Amino acid sequence: MIRELDDPKGGERLSERFDIPTGRTIAGKYQVNSLLGVGWEGEVYLVEELQTGIERAAKFFYPERNVKNRRANNFAKKLHRNRHHHILVQYLHQERVKLQGHDVTCLVSEFIEGQILTDYIKNRDNSLESYEALSILWEICSGLEPVHQAGEYHGDLHTDNILIRRQGIHFHIKLIDSFDWKDSRSKNVRQDVVDLVRVLYDMVGGRDRYSEVGPEIKGICCGLKTSLINKKFKNAGQLRSHLDSFLWEY
Ligand SMILES: Nc1ncnc2c1ncn2[C@@H]1O[C@H](COP(=O)(O)OP(=O)(O)O)[C@@H](O)[C@H]1O
Ligand SMILES: [Mg+2]
């Protein structure tokens, strides 16, 4: 996602992928178990604490995407500020490690079990039933509601940054990879809401299926028109409240 500001997410990747081999020891503390995901700003591995066997997620930042360690530090501080909001991944600590001759920051956080929402949707023929999609959206909104109430925001909500795990009739949701935009918080709260609506749109099948979805979905998606969405819902709490009370047409 590209936004205004000094485009912290722009530019070319300069070096190779890290491709850290399984079994490698990191900072004398962790052993690398497997690759969890590759993103724009780095690679995330499942690691195991040598002393305890406890599993963690370790994100290794590509140096050119983490100039002066700014991104890793901002990310860590944002997660720390929001540590009481359990929908957001919990930050633990940072290490500096040598990879391919570079000093690389490795940010260690809790390991989230589950799958990214993108894969969850893909495994269901690219579209979820309205009720399931709305229930997942409710879960995300109710977790984000206190974050928005505190004047904070996620900053990069999309289906790759949402981890989902089912248990019984419940959906356990965690949000990873939040972004500190260093500009108006209220603007970013409103953008989070637009992004949440986009997540709903993606859950019910995106552009291919939008014409077939019911009025309860269209009433939220507003044809993805930002100004209409923000007129209806100013924060995650207002969207959650709508989900708690709208009337079905059948
Ligand atoms: N704490 C975590 N627990 C489990 N998987 C994770 C965790 N953090 C990241 N991942 C996986 O790694 C991928 C990339 O991580 P992310 O932090 O989103 O990096 P990027 O900013 O580069 O997109 C995610 O989409 C997810 O699959
Ligand atoms: Mg990501």
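The model shown is predicted, which means the values in this text are computed figures rather than measured ones.

Overview of the site of ligand 1
Part 1 of the reasoning: If you check the shell around ligand 1, you find 20 residues, and the closest are Gly39, Trp40, Lys59, Glu110 and Asp177.
Part 2 of the reasoning: In the model, a nitrogen atom of ligand 1 is placed 3.0 Å from a nitrogen or oxygen of the Glu110 main chain.
Part 3 of the reasoning: Asn161 places a polar side-chain atom, nitrogen or oxygen, 3.0 Å from an oxygen atom of ligand 1.
Part 4 of the reasoning: Calculation on ligand 1 without its partners gives an accessible area of 550 Å², and the protein chains cover 89% of this total.
Part 5 of the reasoning: Mapping ligand 1 onto the cavity grids shows that it belongs to the largest pocket.
Part 6 of the reasoning: Of all the secondary-structure elements, those providing two or more residues to the shell around ligand 1 are strand S2 (30–38), strand S3 (42–49), strand S4 (55–61) and strand S6 (102–110).
Part 7 of the reasoning: A per-class count over the shell around ligand 1 returns 10 nonpolar, 5 polar and 5 charged.

Re the coordination of the magnesium ion (ligand 2)
Part 1 of the reasoning: Protein coordination at the magnesium ion (ligand 2) comes from Asn161 (OD1) and Asp177 (OD), with a distance range of 2.2 to 2.3 Å. In this pair, Asn161 is assigned in the loop between helix H3 (130–149) and strand S8 (162–167) and Asp177 in the loop between strand S9 (170–175) and helix H4 (185–203), connecting sequence segments 16 residues apart. With respect to class, Asn161 is no different from Asp177; both count as buried.

Some words on the domain arrangement of the protein
Part 1 of the reasoning: As far as domains go, the protein holds domain 1 (25–110) and domain 2 (115–245).
Part 2 of the reasoning: Each partner contributes to the interface: domain 1 provides 15 residues, whereas domain 2 provides 20 residues.
Part 3 of the reasoning: Together, the buried faces of domain 1 and domain 2 total about 1400 Å²; carbon and sulfur atoms form 52% of this surface.
Part 4 of the reasoning: Applying the counting criterion to the domain 1 and domain 2 interface returns 6 salt bridges.

Regarding the sheet that holds S6
Part 1 of the reasoning: Read across the open sheet, the 6 strands follow the order S1-S2-S3-S4-S6-S5; overall the sheet is antiparallel. For this open sheet the edge positions go to strand S1 (25–26) and strand S5 (91–99), each flanked by a neighbour on one side alone.
Part 2 of the reasoning: The pairing of S5 with S6 spans 8 bridges and is classified as antiparallel. Each bridged residue has a counterpart across the sheet, and for Gln94 the counterpart in S6 is Leu107.
Part 3 of the reasoning: The sheet contacts of helix H1 (residues 70–81) involve S4, S5 and S6, and relative to S5 the element is tilted by about 165°.

Here we look at the nonpolar core
Part 1 of the reasoning: With 41 residues, the main nonpolar core has Ile136, Leu175, Leu196, Leu200 and Met203 as its most contacted residues.
Part 2 of the reasoning: Looking at this core, the elements that each hand over two or more residues are helix H2 (117–122), H3, S8, S9, H4, helix H6 (215–221) and helix H8 (236–245).
Part 3 of the reasoning: Non-local contacts of Leu175, meaning those with residues more than four positions away in its chain, are made with Ile87, Leu88, Val89, Ile140, Leu144, His154, Leu157, Asn161 and Ile162.

Quick word on H1
Part 1 of the reasoning: Between its first and last C-alpha atoms H1 spans 16 Å; for 12 residues at 1.5 Å apiece the expected length is 16 Å, and the two agree.
Part 2 of the reasoning: Those residues of H1 that fall on the buried side of the exposure criterion are Arg71, Ala72, Asn74, Phe75, Ala76, Lys78 and Leu79.
Part 3 of the reasoning: Tucked inside the fold, the buried residues of H1 contact S4, S5 and S6.

Calculation criteria
- Residues numbered from 1 in each chain as written.
- Chains lettered and ligands numbered in written order.
- Predicted model: local features only at pLDDT ≥ 70, side-chain atom pairs only at ≥ 80, totals over all residues.
- Heavy atoms only, no water.
- Near = heavy atom within 4 Å.
- Polar contact = N/O pair within 3.5 Å; in protein donor to acceptor, adjacent residues only side chain to side chain.
- Areas by Shrake-Rupley, 256 points an atom, 1.4 Å probe, with all protein chains shown as cover.
- 1 Å grid on protein atoms, 1.4 Å probe; cavity = no way out; pocket = protein on both sides within 12 Å on 5 of 7 lines; lining within 4 Å.
- Sits in = over half its atoms within 2 Å of the grid points.
- Helix = DSSP H or I, 4+ residues; strand = E, 2+ residues; numbered from the N terminus.
- Nonpolar A, V, L, I, M, F, W, Y, C, P; charged D, E, K, R; others polar.
- Donors = N, O, S within 2.8 Å, 3.2 Å for Na, K, Ca; no water.
- Buried < 20%, exposed > 50% of the residue type's maximum accessible area, 1.4 Å probe, protein only.
- Domains from an automatic or database assignment.
- Contact = heavy atoms within 4.5 Å.
- Buried area = accessible area lost by both parts, 1.4 Å probe.
- Salt bridge = Lys/Arg side-chain N within 4 Å of Asp/Glu carboxyl O.
- Pairing = 2+ DSSP bridges.
- Axes fitted to C-alpha atoms, helices over the stretch in contact; angles between N-to-C directions.
- Core = buried A, V, L, I, M, F, W, Y, C linked by side-chain atoms within 4.5 Å.
- Expected span 1.5 Å × (residues − 1).

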